[in-house]
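# Summary of structural features
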Amino acid sequence: MESQRSPLLEVKGNIELKRPLVKASSRLPLPGSRLKRGLDRMEDASEPEKKRTRGLGTATKIATSRPRAPPLTTVPQTTAQKVSKKTGPRCSTAIATVVKNQKPVPAVAVQKPGSSAVPPMVGGKKPSKRPAWDLKGQLCDLNAELKCCRERTQTLDQENQQLRDQLRDAQQQAKDLGIERRTLEGELAGVRVQAEQGQQELKNLSARVLELEERLGMQEGLVQELQKEQLELQEERRQLTSQLEEQERRLQASEAALSSSRAEVVSLQQEAATQAALLAERGERLHGLEMERRRLHNQLQELKGNIRVFCRVRPVLPGEPTPPSGFLLFPSGPGGPSDPPTRLSLSRTDERRGTLSGAPAPITRHDFSFDRVFPPGSGQDEVFEEISMLVQSALDGYPVCIFAYGQTGSGKTFTMEGGPGEDPQLEGLIPRALRHLFSVAQELSGQGWTYSFVASYVEIYNETVRDLLATGTRKGQGGECEIRRAGPGSEELTVTNARYVPVSCEKEVEALLRLAHQNRAVARTAQNERSSRSHSVFQLQISGEHSSRGLQCVAPLSLVDLAGSERLDPGLAFGPGERERLRETQAINSSLSTLGLVIMALSNKESHVPYRNSKLTYLLQNSLGGSAKMLMFVNISPLEENVSETLNSLRFASKVNQCVIGTAQASRK
């Protein structure tokens, strides 16, 4: 049994042997046929000898047999090697078996055909032919020749027998070789089939090898990427290890610090408990001090008067005539020039008292005294500083009302809302008051107070209430707004169909002021190019609560910009549009007169106060009563041409300044 080989090597061997195997089948030697032809030739050559032998009695000479074919005793080694290379190991094995089974044949001296048994020549001479009469000699010669023939025949019989044996063996070998050849041909066909299958398998394997090589290339690329990533991860691992070591060191340090801090925490907790008790005690004390501050603040405001009047003189605008010297004087206070002025002196020439001689008319001097007088050079910040404490009273639960009174063009709107642009120095009382309230409310939040603010802005035009914060389809529908009680038995007043906007910062207030300024009714008059023809009322409803102590306070802050107060006669030219201006002026003067009557009734402690005679006084009812704090700005013009209206405004303000409403009370629950 041959050792088993791998299928791939066997297929390759079969492919290499494919062509030689085909050729070897045609060139395979047939030793049996050659031996048969040699024996036939020998038999043909021996037949005449036999005939001649049988005719010895009559013939004088017997022809010798033909030379035999050389015996097939050996097979050349080179031939066997060639056959073995072409036919393979099995065929070479069969040829070697035939050669091995052949028997050697002894060489026999054979005479050439036609030679006879003639006695040898004596002395190199050819024997002479016996005479015819020498029958005995001839007989002797024939006997000798017969003997030789018999010996030769015997020898030939032996050779023939050997050749027959060899022939029989050769035929058997030829038969065996034929069988083996057919077997080898079948095997060769099988090998060819296997070779074809091997070639197909080789192709498949080659394709598979290419595919595997491609996959191997991809895997090698992936391996390289993984190796690179592995290196990066190793580097990252080293970094993380170093970080971990650093964190462990820091953790150990932190644990050591923590252990030392725990002792400190225990002591701090004890100290915190002590501080908490002290804080609670101080909180109680602070609350008491805050209540005392409010009480003293209210007393201070009461000492200043629950109805206070400030006079403000606007500066001369560009293009206006400069007033004569001495027209307006601001005498110093009791403390000298360092004290804020509280008095105002106005000088005028009385044209009605002029002499017939044409001498100049005497100058009449009018002196007025108010809680504070602001000369033309006073800024907005100086004005607000004087009223900031009054505004803060609204956070303490006291209703506060501040309104600006004066003729058209005296600076009322500038005082309340501010000037054009975004210059912070020109901001009016409304934005400054709300900024101050937000700031103080933020400070009081540390003491447990929480405040909410709700703003509304309306105007009263020709005794009609209009919402200045209306937008969209509601804009211009102020006639639908009415003043009503908030509920049955409630003293709080509200304006129906008006917007009440919660505010919490300055930007929201600025947006509301811009919207109201666009919606306010203005017109050109003989006194001012752009005159406000309505009373604008900005109200801020303030609600405060101290939840831990169960305290609540609610109070309104009303900031009012009154319409221009002027008489009907100074230079009013009636035209197509002046009738409407006339009706507006009548409504304005009527409401201002009602405001004066209400203040007088409150001062005189009258049982009936005519709030309902005007929409303005009715809306401000809760801000004008005995529990409210009120401040009026009387704004006047520095021009001599407006001296009549200035005197009217100053006289009205003096009457108001002489009124005493009473002690204000905080609205608390």
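Just so it is clear, the structure is predicted and the values come from calculations on it, not from any experiment.

Next up on the list: the overall build of the chain. A tally of helices and strands in the chain yields 14 helices and 16 strands. If you take every contact in the chain between residues at least 6 apart in sequence, the share linking residues at least 24 apart comes to 71%. Here the chain displays about 40200 Å² of accessible surface, and carbon together with sulfur accounts for 54% of that area.

On to the UniProt feature "binding site: ATP" (unreviewed entry) in the chain. Per the UniProt entry, the sites bearing "binding site: ATP" (unreviewed entry) are Gly406, Gln407, Thr408, Gly409, Ser410, Gly411, Lys412 and Thr413 in this numbering. Tracing the backbone through its elements, the reader meets glycine 406 in strand β6 (residues 400-406). Relative accessible area serves as the criterion here: at 0%, glycine 406 is assigned to the buried category. Inspection of the secondary structure puts glycine 409 in the loop between β6 and α8 (412-416).

A few words on helix α9 (residues 429-445). Along its 17 residues, α9 runs 24 Å from first to last C-alpha, staying within 8% of the 24 Å computed at 1.5 Å per residue. Of all 17 residues in α9, 12 are buried; the element is thus mostly enclosed. When α9 is considered as a whole, its buried residues turn out to be Leu429, Ile430, Pro431, Arg432, Ala433, Leu434, His436, Leu437, Phe438, Val440, Ala441 and Leu444.

Let us look at the side chain of glutamine 539. Considering the arrangement of structural elements, one finds glutamine 539 in strand β14 (residues 535-546). On the basis of relative accessibility, which here comes to 16%, the residue glutamine 539 falls in the buried class. Within the structure, glutamine 539 has its side chain in polar contact with the side chain of serine 558 (distance 3.2 Å). Setting aside residues no more than four positions away along its own chain, glutamine 539 makes contact with Val454, Ala455, Ser456, Leu557, Ser558, Leu619 and Leu620.

In the contact formed by helix α7 (residues 380-392) and α9, the axes pass within 10 Å of each other and the chain directions differ by 50°. Overall, the two elements α7 and α9 adopt an arrangement that is oblique. In the packing of α7 onto α9, the handedness of the crossing is right-handed. Residues Gln380, Asp381, Val383, Phe384, Ile387, Ser388, Val391 and Gln392 of α7 touch α9, and the partners they reach there are Leu429, Arg432, Ala433, His436, Leu437 and Val440. Counted by class, the contact of α7 with α9 contains eight nonpolar, four polar and two charged residues.

What follows concerns the nonpolar core. By size, the foremost hydrophobic cluster in this structure holds 51 residues, and its most contacted members are Phe403 and Leu624. Top contributing element to this core by residue count: helix α11 (residues 578-603), with seven residues. Ignoring any residue separated from it by four or fewer positions in sequence, one finds phenylalanine 403 in contact with Val560, Leu562, Leu595, Ile599, Met630, Leu631, Met632 and Phe633. In terms of nonpolar packing, the next biggest core, distinct from the first, is built from 44 residues, Phe384, Leu390, Tyr451 and Cys553 among them.

Applying the stated criterion to the full structure yields 14 salt bridges. Residues arginine 208 and glutamate 211 are paired through a salt bridge, measuring 3.6 Å at the closest nitrogen-oxygen approach. Taken as a pair, arginine 208 and glutamate 211 lie in helix α6 (residues 135-304) at a separation of three residues, close to a single helical turn. Here glutamate 382 ties to arginine 372 by a salt bridge, and the two come within 3.1 Å at their closest N and O atoms. With glutamate 382 in helix α7 and arginine 372 in strand β5 (residues 372-374), this residue pair connects regions lying 10 residues apart in the sequence. Judged by its relative accessible area of 31%, glutamate 382 falls in the partly exposed class. Taken together, the salt bridges that share partners define one network made up of Arg130, Asp134 and Asp141.

Definitions and limits used
- For every chain, the first residue of the written sequence is number 1, and numbering continues from 1 onward in sequence order.
- A pLDDT threshold of at least 70 governs which residues receive local features in this predicted model, and a stricter bar of 80 or more applies before side-chain atom pairs are shown or counted, although totals over entire chains, interfaces and linings include all residues.
- Think of the side-chain values as coming from all heavy atoms in the structure, minus any hydrogens and water.
- Under the DSSP-based scheme used, a helix requires at least four consecutive residues in state H or I and a strand at least two consecutive residues in state E, with every element numbered from the N terminus.
- The contact rule is simple, with two residues in contact once any of their heavy atoms fall within 4.5 Å.
- Note that accessible areas follow from Shrake-Rupley with a 1.4 Å probe, and for residues the cover is restricted to the protein chains shown.
- UniProt positions are given in the numbering used here, feature names are shortened, and annotations may be inferred rather than shown by experiment.
- The classification of residues rests on relative accessible area computed with a 1.4 Å probe and restricted to protein chains. Under 20% of the type maximum is buried, over 50% is exposed, and intermediate values are partly exposed.
- One fewer than the residue count of a helix, multiplied by 1.5 Å, yields its expected span.
- For this analysis, a polar contact is any N or O atom pair within 3.5 Å, provided that within protein one partner can donate a hydrogen and the other can accept it, and provided that sequence-adjacent residues contribute only side-chain to side-chain pairs.
- Here the axes come from fitting lines to C-alpha atoms, over the contacting stretch only for helices, and the angles between their N-to-C directions go from 0 to 180 degrees.
- Orientation is classified from the angle alone, with under 35 degrees giving roughly parallel, over 145 giving roughly antiparallel, 65 to 115 giving roughly perpendicular, and any other angle giving oblique.
- Note on convention: the crossing is left-handed when the near helix lies turned anticlockwise from the far helix by less than a right angle, right-handed when the turn is clockwise.
- Each residue is assigned to one of three groups, with Ala, Val, Leu, Ile, Met, Phe, Trp, Tyr, Cys and Pro labelled nonpolar, Asp, Glu, Lys and Arg labelled charged, and all others, Gly among them, labelled polar.
- For our purposes a nonpolar core is just a set of buried Ala, Val, Leu, Ile, Met, Phe, Trp, Tyr and Cys residues, chained together by side-chain atoms within 4.5 Å.
- Each reported salt bridge corresponds to a side-chain nitrogen of Lys or Arg within 4 Å of a carboxyl oxygen of Asp or Glu.

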